[in-house]
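# Summary of the model geometry
Read off the chains here:
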Amino acid sequence: MDTLKAFIRPPPPCFDYKTAVHAETRSTVAAVHPELMDLVQGGSLVLVQKRRFGPVPEWRRWFVEPESIWVLGTSHLSEKSAVDVERVVRAVRPDNVVVELCRSRAGIMYASADDQNAPLLNSNMFSLSGSRFFGAISRSINLGGQSALALRLLLAVFSSKITSGANRTFGDEFRAARKAAEEVGSQLVLGDRPIEITLERAWNSLNWNEKLRFVTLLFRGITSPSLGNKESDFEIEEKGSGPFELYEQLSSTYPSLLQPLIHERDTYLAWSLKRSKAVNNCKTVVGVIGKGHMNGVVYALMADQGDLRFRDLAGRTSKESWVKSLIKGLIRDTIIGVVLWALYEQLQTAF
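Looking up the protein chain in an unreviewed UniProt entry gives the name TraB domain-containing protein, with the organism given as Rhynchospora tenuis.

## Here's the deal with the packing of helix 7 (residues 195-204) against helix 10 (residues 258-274)
When two helices pack together, their arrangement is captured by the angle between the axes and the distance separating the axes. Relative to each other, helix 7 and helix 10 sit at 135°, their axes nearing to 9 Å. Relative to helix 10, the element helix 7 is oriented oblique. In this structure, helix 7 contributes Thr198, Arg201 and Ala202 to the contact, and helix 10 contributes Pro260, Leu261, Glu264 and Arg265. Its residues assigned to classes, the contact of helix 7 with helix 10 comprises three nonpolar, one polar and three charged.

## Some details on the sheet that holds strand 2 (residues 68-74)
Pairing in this open sheet of five strands is mixed, and the strands run 1-2-5-3-4 from one edge to the other. The strands lining the two open edges of the sheet, one partner per strand, are strand 1 (45-49) and strand 4 (187-190). The average undirected angle you get between the axes of adjacent strands in this sheet is 20°. When strand 3 (residues 96-99) meets strand 5 (residues 284-290), the two strands line up parallel, connected through four bridges. Within strand 5, the position partnered with Val99 by the bridge is Val288. The sheet contacts of helix 2 (residues 17-32) involve strand 1 and strand 2, and relative to strand 1 the element is tilted by about 90°.

## So, the pairing of strand 5
When a strand is regular, its side chains alternate between the sheet's two faces. Within strand 5, seven of the seven residues are buried, which leaves it mostly tucked inside the rest of the structure. Strand direction decides the pairing type here: strand 2 and strand 5, joined by seven bridges, are parallel. In the sheet register, Ser68 faces strand 5, and the bridge partner there is Thr284.

## What to know about the packing of aromatic side chains
Scanning the model with the defined rule gives two aromatic pairs in all. Between Phe15 and Tyr299, the aromatic rings sit 5.1 Å apart at their centres with planes inclined by 70°, giving edge-to-face as the arrangement. Of this pair, Phe15 sits in the loop between helix 1 (3-7) and helix 2 while Tyr299 is found in helix 11 (residues 294-303), placing the two residues 284 residues apart along the sequence. The class for Tyr299 is buried, based on a relative accessible area of 16%. With a centroid separation of 5.6 Å and 75° between ring planes, the pair formed by Trp62 and Phe63 is classed as edge-to-face. You can call Trp62 exposed: its relative accessible area is 53%. The ring of Trp208 has Lys211 lying over it, and the distance from NZ or CZ to the ring centre is 4.2 Å.

## Looking at the pattern of salt bridges
Inspection of every chain in the model, using the stated rule, returns 18 salt bridges. A salt bridge links Glu65 to Arg275, with the shortest nitrogen-to-oxygen separation between them at 2.6 Å. Residue Glu65 is located in the loop between strand 1 and strand 2, and its partner Arg275 is located in the loop between helix 10 and strand 5; the two are separated by 210 residues in the primary sequence. The class for Arg275 is buried, based on a relative accessible area of 1%. Residues Arg90 and Glu183 are paired through a salt bridge, measuring 2.9 Å at the closest nitrogen-oxygen approach. One end of the pair, Arg90, is in helix 4 (residues 79-92); the other, Glu183, is in helix 6 (residues 172-184), with 93 residues separating them in the sequence. Since its relative accessible area comes to 37%, Arg90 is described here as partly exposed.

## Re helix 10
Look at helix 10: 23 Å from first C-alpha to last across 17 residues, which is about the 24 Å you get at 1.5 Å a residue. Glu264 marks the point of greatest bend in helix 10, at about 30°. A large share of helix 10 lies buried, amounting to 15 of its 17 residues.

## Examining the environment of Pro57
Turning to its location among the elements, Pro57 is positioned in the loop between strand 1 and strand 2. Each C-alpha atom of the pair Pro57 and Asp304 lies 9.7 Å from the other, and the pair is 247 residues apart in sequence. Contacts of Pro57, omitting those with residues within four sequence positions, involve Arg275 and Gly306.

## Concerning helix 2
Between its terminal C-alpha atoms helix 2 stretches 21 Å, which fits the 22 Å expected from 16 residues at 1.5 Å a residue. The sharpest bend along helix 2 measures roughly 40° and falls at Ala23. Residues of helix 2 that are buried sit in contact with helix 3 (37-41), strand 1, strand 2 and helix 11. The N-cap residue of helix 2 is Asp16: its side-chain oxygen and the backbone nitrogen of Lys18 are 3.1 Å apart.

## Thoughts on the pairing of strand 2
The element strand 2 is extensively covered by neighbouring structure, given that seven of its seven residues are classed as buried. The alternating pattern of strand 2 places Ser68, Trp70, Leu72 and Thr74 on one face and Ile69, Val71 and Gly73 on the opposite face, and all of these are buried. Examined bridge by bridge, strand 1 and strand 2 share five bridges and lie antiparallel to one another. Pairing of Leu47 across the sheet is with Trp70, part of strand 2.

## Examining the side chain of Thr284
You can see Thr284 is positioned in strand 5. Setting aside its immediate chain neighbours within four residues, Thr284 contacts Ser68, Trp70, Val92, Pro94, Asp95 and Asn96.

Criteria and cut-off values
- Residues numbered from 1 in each chain as written.
- Predicted model: local features only at pLDDT ≥ 70, side-chain atom pairs only at ≥ 80, totals over all residues.
- Heavy atoms only, no water.
- Axes fitted to C-alpha atoms, helices over the stretch in contact; angles between N-to-C directions.
- Helix = DSSP H or I, 4+ residues; strand = E, 2+ residues; numbered from the N terminus.
- Parallel < 35°, antiparallel > 145°, perpendicular 65-115°, else oblique.
- Contact = heavy atoms within 4.5 Å.
- Nonpolar A, V, L, I, M, F, W, Y, C, P; charged D, E, K, R; others polar.
- Pairing = 2+ DSSP bridges.
- Buried < 20%, exposed > 50% of the residue type's maximum accessible area, 1.4 Å probe, protein only.
- Phe/Tyr/Trp six-rings, centres within 6.5 Å; stacked < 30°, edge-to-face > 60°.
- Lys NZ or Arg CZ within 6 Å of the ring centre and 35° of its normal.
- Salt bridge = Lys/Arg side-chain N within 4 Å of Asp/Glu carboxyl O.
- Expected span 1.5 Å × (residues − 1).
- Bend = angle between axes of the 7 residues up to and from the residue.
- Polar contact = N/O pair within 3.5 Å; in protein donor to acceptor, adjacent residues only side chain to side chain.

Listed below in structure tokens is the structure:
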């Protein structure tokens, strides 16, 4: 039995997060935070109260979920989103601010938006940021294997090229979240699944024919002079959420990618917001996520029946022991890492 199919429940076509929680969000904001009403009206800010959550599983009865979760949808390439994040965090003053980042991408929050000489590949969701290059290479291989690393490097270049004409820095809202959280004394929580695991599961969801077509698509996109222009099929508008739109476009061509790239991550983000160790026994949480995740995350918060375990979202699919896997892949991963480093450097200097 495929446990993922048993537990990961994407929103049904009829579900609309704004309709589901709008009335309650509106009445609460009108009473305690009227200055945020414009965000509610625009559908960027919603409130999910504890009474709307699914049941806490029997094996975790000691856990006390947050009383209120505010979910703010952002665009990763929008200056307005950064301002909105600061407004919400300063108004709500939550115990925790959960951001749509993992450890490998946490460096985005500390990158300087004023550094005009920053490499292009350091400014998107797939970047090898937050540590030195070979350290990032090692972490990527350990968590996702060499296939996930190769896919990440290709997507980093691909995504950078798509957004290169936007003349905006990536992740301003995450830097704003860190700054505002520090100001009000909130704990900052990395709420997204490690990108290495996401890419490994995405790669494994494809058959060999799809893998070949997928890699060919990425290479063609990287070498195409029109990618990112208005004529390109992969243009990312300012109103969108950048990487999420890229995920959606890829998933429309490869439907099996919908589960690991979108549905599983929506559920993982919801888990981080209401059931991670960081939010245990706290009162209020603010989640800063891409607009494209809003529907799935709000649904996951409300539809959870207590049968989901963390390993269903973050577990490895390989049945080999770690010792056997390490010995088997040591030489191969070393060679691939060196080759990918050379490819990464060449592609980065090509722009």
